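Structural features, examined
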Amino acid sequence: MNQVPTIKLNNGTFMPQLGFGVWQIPDADAEQAVATALEAGYRSIDTAAVYGNESGTGKAVTGSGLAREELFVTTKLWNGPSQAWGRDEVLRAFDDSLAKLGLDYVDLYLIHWPRPMRDDFLSIWETFGEIAASGRAKAVGVSNFRPADLARLAGAGDLVPAVNQIELHPLFPQAELRSVHAERGIATEAWSPLGQGKELLTLPAVAEIAGRRGRTAAQVVLRWHLQHGNIVIPKSVTPARIRENLDVFDFELADDEMAALDALGADGAGRRLGPDPAGFDA
Ligand SMILES: NC(=O)c1ccc[n+]([C@@H]2O[C@H](COP(=O)([O-])OP(=O)(O)OC[C@H]3O[C@@H](n4cnc5c(N)ncnc54)[C@H](OP(=O)(O)O)[C@@H]3O)[C@@H](O)[C@H]2O)c1
């Protein structure tokens, strides 16, 4: 049974709070991984043009036998430095993503990085407004945007991103961005929610709660996100983990357990695993 709660986005559509991320899954393996996730009960899939696996992802989605309206598909514009991103280039990239996915719309289309040094995200966002108006993306949003980037968007027009997908996990809890999102009506989506399956899942504070609850470290971390209201998109190519990561809706962390996990990122320094959006333009 699919017990995943939904989050109401600011465009009125609903997004599952837990979905499946496919970064670093080769195209040839994506169909199998996404099919396993859909069979397990996931209904939201997060891909991106730059992941190179929109085709495999799309095959699993269209071949699943599930009604399109039961599924929530996200992809992202790779607004990279290889070219300029005028209106035509953005529309072409969007068409290309839809074609690879084999879909006539996506549920969410994101600007992948703000790349502030290029100073072009306001015009890209204008074209995203056109895409949203066409209905070919039900919702549009951003990824890796900082508070200052969101303020620039707000100053330029009325279209508020439905989502900002950012690096977020207990070691990098993004308190400031989460409160900015709450003020602006933007849903917070956590990428690398498991800290990429590395150090975070081995920390004594996490292991201690997991042991007490008879749950895995990954499940405890996912509960921390869900109870903070974050949307999460854990990735795995391992069928048992794909199912384990969805099996998190029959227990709750107590306040003291949430506080113990909050304390992991409370030193203020934060530990990013990915690039800092201020300087990222690869
Ligand atoms: N917008 C952006 O810039 C951006 C950047 C990064 C990621 N993302 C999105 O966020 C998604 C998730 O982030 P992520 O892939 O970086 O990292 P993640 O989901 O935090 O962690 C994935 C890693 O953890 C392992 N893992 C998964 N479930 C586990 C479990 N139950 N127990 C132990 N290990 C487990 C996986 O291994 P196996 O696969 O070997 O099982 C994989 O190595 C991506 O797939 C992508 O869709 C977006």
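Now for a look at the structure at hand. Everything quoted here is computed from the prediction, not taken from an experiment.

A word on the site of the ligand
Around the ligand sit 29 residues in total, of which Asp46, Ser192, Lys235, Ser236 and Thr238 are the nearest. Asp46 places a polar side-chain atom, nitrogen or oxygen, 2.7 Å from an oxygen atom of the ligand. Compared with its free state, where it exposes 900 Å², the ligand has 88% of that area covered by protein. Given that more than half its atoms are within 2 Å of the pocket grid, the ligand belongs to the largest pocket. Its residues assigned to classes, the shell around the ligand shows twelve nonpolar, twelve polar and five charged.

Looking at the side chain of Arg115
Structurally, Arg115 can be placed in the loop between β6 (106–111) and α4 (121–134). One polar contact links Arg115 to Asp281, side chain to side chain, over a distance of 2.9 Å. Residues in contact with Arg115, not counting those within four places in the same chain, are Trp78, Asn79, Gly80, Pro81, Phe280, Asp281 and Ala282.

Regarding the nonpolar core
Residues Phe20, Tyr109, Phe128 and Val206 are the most contacted members of the largest nonpolar core, which totals 70 residues. Considering each element in turn, this core owes the most residues, seven residues, to helix α8 (residues 217–228). When residues no more than four places from it in sequence are discounted, the contact partners of Phe128 are Leu77, Val90, Tyr109, Leu110, Ile111, Val140 and Gly141. One finds Leu9, Met15, Leu108 and Ile231 within the second-largest nonpolar core, a separate group that totals ten residues.

What to know about the side chain of Gln17
Structurally, Gln17 is set in the loop between β2 (14–16) and β3 (20–21). Polar contacts involving the side chain of Gln17 include one to the main-chain carbonyl oxygen of Asn230, which spans 3.0 Å. Excluding its chain neighbours within four sequence positions, the residues that come into contact with Gln17 are Val4, Pro5, Thr6, Ile7, His225, Leu226, Gly229, Asn230, Ile231 and Val232.

With respect to the packing of aromatic side chains
As enumerated under the stated definition, the model contains eight aromatic pairs in all. Ring plane angle 70° and centroid distance 5.4 Å describe the contact between Phe20 and Tyr42, whose orientation is recorded as edge-to-face. Residue Phe20 is found in strand β3, and its partner Tyr42 is found in the loop between α1 (27–40) and β4 (44–46); the two are separated by 22 residues along the sequence. Each member of the pair Phe20 and Tyr42 is classed as buried. Seen from their ring centres, Trp78 and Phe280 are 6.4 Å apart, and the 70° between their planes marks the pair as edge-to-face. Of this pair, Trp78 sits in the loop between β5 (72–77) and α3 (87–101) while Phe280 sits in the segment after α10 (255–262), and the two are 202 residues apart along the sequence. Through a chain of ring-to-ring contacts, the aromatic side chains of Trp78, Trp113, Trp191 and Phe280 assemble into a single cluster. Against the face of Phe121 rests Arg152, its NZ or CZ located 5.3 Å from the ring centre. One residue, Arg223, lies across the ring of Phe251, its end atom 5.8 Å from the ring centre.

Analysis parameters
Residues numbered from 1 in each chain as written. Predicted model: local features only at pLDDT ≥ 70, side-chain atom pairs only at ≥ 80, totals over all residues. Heavy atoms only, no water. Near = heavy atom within 4 Å. Polar contact = N/O pair within 3.5 Å; in protein donor to acceptor, adjacent residues only side chain to side chain. Areas by Shrake-Rupley, 256 points an atom, 1.4 Å probe, with all protein chains shown as cover. 1 Å grid on protein atoms, 1.4 Å probe; cavity = no way out; pocket = protein on both sides within 12 Å on 5 of 7 lines; lining within 4 Å. Sits in = over half its atoms within 2 Å of the grid points. Nonpolar A, V, L, I, M, F, W, Y, C, P; charged D, E, K, R; others polar. Helix = DSSP H or I, 4+ residues; strand = E, 2+ residues; numbered from the N terminus. Contact = heavy atoms within 4.5 Å. Core = buried A, V, L, I, M, F, W, Y, C linked by side-chain atoms within 4.5 Å. Buried < 20%, exposed > 50% of the residue type's maximum accessible area, 1.4 Å probe, protein only. Phe/Tyr/Trp six-rings, centres within 6.5 Å; stacked < 30°, edge-to-face > 60°. Lys NZ or Arg CZ within 6 Å of the ring centre and 35° of its normal.

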